[in-house]
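Analysis of the macromolecular model
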Amino acid sequence: MATNKQESIPPSCHNQINQQLDNLLAIGIALSAEKDRNKLLEMIISEARRITNADAGTLYLREKEQLKIKIIHNQTMNTFLGGKGEEVDLPPVPLALEYVSGYCAITGQSINIPDVYQAEGFDFSGPRKYDEMTGYHTKSMLVIPLRNHLEEIIGVLQLINALDTTDTQVIPFDTDYQNIIEALSSLAAIALTNMQLVGDIENLFQSFVQVMVTAIDAQTPYNASHSQQVSQLSLSLAKALNSCNEGPFAEENFDQDRLDELAMAGWLHDVGKIATPLSVMNKASRLDSHLEIVMMRIDLAIEQENSSSLRTQLKLIESEQQESATKELIAHQERLEKLRAAKELIVRADNPATFIDPELKEQLEALAQHSYQSSDGQRRSLLTAEELTCLTIPKGTLTDDERKIMEAHVEITDKMLAKMPFTKKYARVPLLAAMHHEHLDGKGYPCQLSGEKIPLEARILAIADIFDALTASDRPYKKGMPVTKALEIMGFMVKDGKLDKDLMELFASLV
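Reading the values: rules and limits
- Residues numbered from 1 in each chain as written.
- Predicted model: local features only at pLDDT ≥ 70, side-chain atom pairs only at ≥ 80, totals over all residues.
- Heavy atoms only, no water.
- Salt bridge = Lys/Arg side-chain N within 4 Å of Asp/Glu carboxyl O.
- Buried < 20%, exposed > 50% of the residue type's maximum accessible area, 1.4 Å probe, protein only.
- Helix = DSSP H or I, 4+ residues; strand = E, 2+ residues; numbered from the N terminus.
- Core = buried A, V, L, I, M, F, W, Y, C linked by side-chain atoms within 4.5 Å.
- Contact = heavy atoms within 4.5 Å.
- Phe/Tyr/Trp six-rings, centres within 6.5 Å; stacked < 30°, edge-to-face > 60°.
- Lys NZ or Arg CZ within 6 Å of the ring centre and 35° of its normal.
- Pairing = 2+ DSSP bridges.
- Expected span 1.5 Å × (residues − 1).
- 1 Å grid on protein atoms, 1.4 Å probe; cavity = no way out; pocket = protein on both sides within 12 Å on 5 of 7 lines; lining within 4 Å.
- Points joined across faces, edges and corners; volume = space filled by probe spheres on them.

Further remarks concern the pattern of salt bridges. Once the charged atoms of two side chains with opposite charge are near each other, the side chains can pair. Summed over the entire model, instances satisfying the criterion amount to 23 salt bridges. Between E252 and R258 there is a salt bridge, and its shortest N-O distance comes to 3.1 Å. Among the residues examined, E252 registers a relative accessible area of 29% and is labelled partly exposed. A salt bridge links E457 to R258, with the shortest nitrogen-to-oxygen separation between them at 2.7 Å. Of the two residues, E457 sits in helix α16 (residues 456-471) while R258 sits in helix α7 (residues 256-268), which places them 199 residues apart along the sequence.

Another aspect to go through is the nonpolar core. L268 and L499 are the most contacted members of the largest nonpolar core, which has 44 residues in total. For this core, the secondary-structure elements that each account for two or more residues are α5 (175-217), α6 (226-242), α7, α15 (429-433), α16, α17 (483-495) and α18 (501-508). For L499, the contacting residues outside a window of four places in its chain are L440, A462, I463, I466, M490, M493, V494 and M504.

Further remarks concern the packing of aromatic side chains. One pass over the full model with this rule turns up 6 aromatic pairs. For the pair F122 and F124, a centre-to-centre distance of 6.0 Å together with 75 degrees between the ring planes defines the contact as edge-to-face. Here the aromatic residues Y103, F122 and F124 are joined through ring pairs into a cluster of three or more. The ring of Y117 carries R128 above its face, with NZ or CZ at 5.2 Å from the centroid. Above the ring of F254, the side-chain terminus of R258 is found at 3.8 Å from the ring centroid.

Side-chain positions along a regular strand alternate between the two faces of the sheet. The buried fraction of strand β6 (residues 141-147) amounts to 6 of the 7 residues, a majority that puts the element mostly inside the structure. Strand direction decides the pairing type here: strand β5 (residues 111-113) and β6, joined by 3 bridges, are antiparallel. Bridging across to β6, I111 finds its partner in V143. Two elements, β6 and strand β7 (residues 153-163), share 7 bridges in a ladder whose sense is antiparallel. Bridge pairing in β7 links M141 to I160. Hairpin connection of β6 to β7: 5 residues between the antiparallel strands, including E151 at a positive phi of 65 degrees.

A few words on helix α9 (residues 290-318). The terminal C-alpha atoms of α9 lie 42 Å apart, and with 29 residues this matches the ideal 42 Å at 1.5 Å per residue to within 8%. What α9 keeps buried is the set V294, M295, R297, I298, A301, I302, E305, S309, Q313 and L316. On its buried face, α9 sits against α10 (322-350), β9 (371-373), β10 (379-381) and α12 (385-391). E320 sits one or two positions beyond α9 and adopts a positive phi of about 60 degrees.

There is about 1200 Å³ of room inside the second largest pocket. Surrounding the second largest pocket, 33 residues form its lining, K35, M195, V198, G199 and E202 being those nearest its centre. Listing elements by their share of the lining of the second largest pocket, those giving two or more residues are α1 (14-33), α2 (37-52), α5 and α7.

What follows is the structure in structure tokens.
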């Protein structure tokens, strides 16, 4: 069953063999340069068929304890499958010695068979069944292991029916060509292994980034999936942009590397929030955890008012000043009502959905003038200066200082990512990730960039970031908006010159 040694080719063909050997170097360079796995697999079998003038061939890759068919070529039957990455709908071959490809993968030996119908020792029921179904006739076969630099068999190349120079007669595979194909297979195996190693390293890097970002996002209950959502929304918009055959994006193209870079920037755009205090990140209302303290303070003022007024009334009654006692009771009720109203006012002002207009701000400032007696006997204001500042924030929950702390996350993102040795493919990730808060009108941050100074990818990230922030249902300071409302708000941002109009129109058509 072993390898059959064929007679040497005629001397007139030696020049052709030498030319093939010369071509092998160029093929090896081409194999190592190819970055697309499907194209690499297609190139391997195409070059092997060209060198040997084989009518057909199959490329198997080892997956656990079986050989899975990746590429099938058959010139006579006009069958070419797997070259675009599609699954070949044929059963895998078990790693067993009775199958010629299995034997090759297990032993690492090349097998050259002049006529499979005359050969013994292998189970050729598969080729024979194929011949019966299609009318094809499998005769000569060359089976070569794909052995990488670690001497591991990662696959098998099977060539079928070598043709003579007239392409009419099936002849055996010559051993001189066999040597060339063995060299080609070694180069191919190394190229495949290198590609797999690069892929594994990139997958490890991406997984590490996603794990790290997920951990950072999980610090706050409202941010658990934000980075992932921004990445996915950005990818969707970029892919839609690829489909534009006319308009402002007709000349733009996001190839796979550019898409991967954008996705990575989406994952990492908020990584600087690792340095943002949780008291700022998780601030659900204007007072947040201080609300309870202020409420307890007013409750204490109410108790003090009750106690003080009762003592006053009792003294007046004891001194038979009934009219004054009645007046004190009425005044007491008014003071209590003001304190209860103060609690309602603070609860309303604490709600981030409440807009603090000048009238409400004036009421809060007046309330801050009221005092109570603290446990140390000192008279203190019902509201501290810091609490008043928080309660009079016009919109949202953050003070100016807190907002500066929050906005600083983009600068921290830039500094953190600048420390990472990104590959050429991801070289612009730090730049793009730190630009997702820049606005076209130059009023964004941190660099106040405007117009075309903001890369297209950063404009895409800005739209994805704002949309997810508006529609997210798990934010502590607001309920998630309906998509229509979010798009309406973003439409106003377009009118204000902050977001890219053309990108927004395309994005709105997707969501």
